[in-house]
Amino acid sequence: MSLTDLPNPDSGTDAVNLKDGRQLLVYNHNTKDKTANKGRSPLNVAISDDGLNWQAALVLEDDPSAPNGFAYPAVIQTSDGLVHITYTWERKRIKHVIIDPAKLKLRPMPQGDWPK
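Heads up: these notes are all about the structure in this document. (Residues numbered from 1 in each chain as written. Predicted model: local features only at pLDDT ≥ 70, side-chain atom pairs only at ≥ 80, totals over all residues. Heavy atoms only, no water.)

## As for the sheet that holds strand 8 (residues 107-108)
Spatially, the 5 strands line up as an open sheet ordered 1-2-3-4-8, and their pairing is antiparallel. Unpaired on one side and paired on the other, strand 1 (14-17) and strand 8 mark the two borders of the sheet. (Pairing = 2+ DSSP bridges. Helix = DSSP H or I, 4+ residues; strand = E, 2+ residues; numbered from the N terminus.)

## Notes on the pairing of strand 1
Bridge count for strand 1 against strand 2 (residues 23-27) is 4 bridges, and the pairing is antiparallel. In the strand pairing of strand 2, D14 is matched with V26. Count of turn residues in the strand 1/strand 2 antiparallel hairpin: 5 residues, of which G21 carries a positive phi of about 95°.

## What to know about the sheet that holds strand 7 (residues 93-99)
The sheet built from 3 strands is open, its strands ordered 5-6-7 with antiparallel pairing. For this open sheet the edge positions go to strand 5 (70-77) and strand 7, each flanked by a neighbour on one side alone. On average, each strand axis in the sheet is tilted by 20° relative to the strand beside it, whichever way the strands run. (Axes fitted to C-alpha atoms, helices over the stretch in contact; angles between N-to-C directions.)

## A word on the nonpolar core
Core analysis: the largest hydrophobic core is formed by 18 residues, its most contacted members being L24, V26, L60 and I85. The set of elements that each furnish at least two residues to this core consists of strand 2, strand 3 (43-48), strand 4 (54-61), strand 5, strand 6 (83-89) and strand 7. When neighbours within four sequence positions are excluded, V26 is seen to be in contact with T13, D14, L43, N44, V45, L60, P73, V75 and I85. (Core = buried A, V, L, I, M, F, W, Y, C linked by side-chain atoms within 4.5 Å. Buried < 20%, exposed > 50% of the residue type's maximum accessible area, 1.4 Å probe, protein only. Contact = heavy atoms within 4.5 Å.)

Shown next, in the form of C-alpha coordinates:
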(Lines give C-alpha, C1' and ligand atoms only; values in the text may rest on other atoms or scores of the structure.)
Protein backbone atom coordinates (compact mmCIF):
# COMPACT_ATOMS: atom_id res chain seq x y z
CA MET A 1 0.00 0.00 0.00
CA SER A 2 1.04 3.59 -0.49
CA LEU A 3 -0.19 7.15 -0.02
CA THR A 4 -3.75 7.61 -1.31
CA ASP A 5 -5.84 10.56 -2.42
CA LEU A 6 -8.64 9.54 -0.04
CA PRO A 7 -9.71 12.38 2.26
CA ASN A 8 -8.89 12.13 5.96
CA PRO A 9 -8.98 14.79 8.71
CA ASP A 10 -5.60 13.70 10.15
CA SER A 11 -7.30 10.96 12.16
CA GLY A 12 -6.18 7.40 12.81
CA THR A 13 -6.60 4.67 10.21
CA ASP A 14 -5.96 0.95 10.16
CA ALA A 15 -5.63 -1.53 7.33
CA VAL A 16 -5.17 -5.24 6.80
CA ASN A 17 -4.07 -7.42 3.90
CA LEU A 18 -6.93 -9.84 3.35
CA LYS A 19 -6.38 -13.54 2.70
CA ASP A 20 -7.74 -13.08 -0.84
CA GLY A 21 -4.93 -10.58 -1.62
CA ARG A 22 -6.97 -7.39 -1.36
CA GLN A 23 -6.42 -4.62 1.17
CA LEU A 24 -9.08 -3.33 3.56
CA LEU A 25 -8.84 0.18 5.03
CA VAL A 26 -10.85 1.66 7.93
CA TYR A 27 -10.75 5.47 8.11
CA ASN A 28 -12.74 8.71 8.47
CA HIS A 29 -13.69 9.68 4.92
CA ASN A 30 -13.91 13.46 5.19
CA THR A 31 -11.71 16.45 4.63
CA LYS A 32 -9.56 18.49 6.95
CA ASP A 33 -11.02 21.69 5.47
CA LYS A 34 -12.78 23.36 8.40
CA THR A 35 -15.76 24.33 6.25
CA ALA A 36 -16.51 20.72 5.34
CA ASN A 37 -14.98 18.86 8.29
CA LYS A 38 -17.54 16.78 10.12
CA GLY A 39 -15.03 15.74 12.75
CA ARG A 40 -14.47 12.03 13.04
CA SER A 41 -17.59 11.04 11.18
CA PRO A 42 -18.23 9.14 8.99
CA LEU A 43 -16.17 6.03 9.65
CA ASN A 44 -15.74 4.04 6.45
CA VAL A 45 -14.37 0.83 5.00
CA ALA A 46 -12.68 0.79 1.59
CA ILE A 47 -11.20 -2.12 -0.37
CA SER A 48 -8.35 -2.18 -2.88
CA ASP A 49 -7.04 -4.82 -5.25
CA ASP A 50 -3.65 -3.13 -5.55
CA GLY A 51 -3.23 -0.82 -2.54
CA LEU A 52 -3.52 2.22 -4.82
CA ASN A 53 -7.06 2.29 -6.21
CA TRP A 54 -9.82 2.14 -3.60
CA GLN A 55 -13.48 1.24 -3.79
CA ALA A 56 -16.19 2.20 -1.30
CA ALA A 57 -17.29 -0.83 0.70
CA LEU A 58 -19.19 0.20 3.83
CA VAL A 59 -20.11 3.10 6.09
CA LEU A 60 -19.72 1.89 9.67
CA GLU A 61 -20.94 5.13 11.28
CA ASP A 62 -22.24 8.45 10.00
CA ASP A 63 -23.48 10.94 12.58
CA PRO A 64 -22.05 14.44 12.10
CA SER A 65 -23.74 15.55 15.32
CA ALA A 66 -21.85 12.98 17.42
CA PRO A 67 -19.67 15.27 19.55
CA ASN A 68 -16.60 13.03 19.57
CA GLY A 69 -17.26 10.94 16.49
CA PHE A 70 -15.81 7.54 15.69
CA ALA A 71 -12.09 7.02 15.73
CA TYR A 72 -8.99 4.93 16.46
CA PRO A 73 -9.95 1.90 14.37
CA ALA A 74 -8.19 -1.44 14.66
CA VAL A 75 -8.79 -4.25 12.18
CA ILE A 76 -7.85 -7.92 11.87
CA GLN A 77 -8.97 -10.86 9.76
CA THR A 78 -9.49 -14.12 11.64
CA SER A 79 -8.88 -17.66 10.35
CA ASP A 80 -12.56 -18.01 9.37
CA GLY A 81 -12.14 -15.12 6.90
CA LEU A 82 -14.25 -12.64 8.86
CA VAL A 83 -12.94 -9.14 9.54
CA HIS A 84 -13.16 -7.74 13.06
CA ILE A 85 -13.11 -3.96 13.48
CA THR A 86 -12.99 -2.10 16.78
CA TYR A 87 -13.15 1.67 17.24
CA THR A 88 -14.13 4.30 19.77
CA TRP A 89 -17.80 5.21 19.66
CA GLU A 90 -18.17 8.86 20.69
CA ARG A 91 -15.22 8.27 23.04
CA LYS A 92 -17.69 6.62 25.43
CA ARG A 93 -17.40 3.00 24.37
CA ILE A 94 -15.42 0.62 22.22
CA LYS A 95 -17.54 -0.83 19.42
CA HIS A 96 -16.81 -4.21 17.79
CA VAL A 97 -18.13 -4.96 14.29
CA ILE A 98 -17.70 -8.19 12.34
CA ILE A 99 -17.98 -8.19 8.55
CA ASP A 100 -17.57 -10.76 5.81
CA PRO A 101 -15.43 -9.10 3.13
CA ALA A 102 -16.72 -11.54 0.48
CA LYS A 103 -20.23 -10.07 0.90
CA LEU A 104 -19.31 -6.39 0.57
CA LYS A 105 -20.77 -4.54 -2.41
CA LEU A 106 -17.94 -2.41 -3.78
CA ARG A 107 -18.54 0.88 -5.59
CA PRO A 108 -16.08 3.15 -7.42
CA MET A 109 -14.89 6.38 -5.81
CA PRO A 110 -14.10 8.76 -8.67
CA GLN A 111 -11.60 11.43 -7.52
CA GLY A 112 -11.84 9.93 -4.02
CA ASP A 113 -15.51 10.93 -3.56
CA TRP A 114 -17.65 8.52 -1.55
CA PRO A 115 -20.64 7.39 -3.65
CA LYS A 116 -24.04 8.78 -2.71
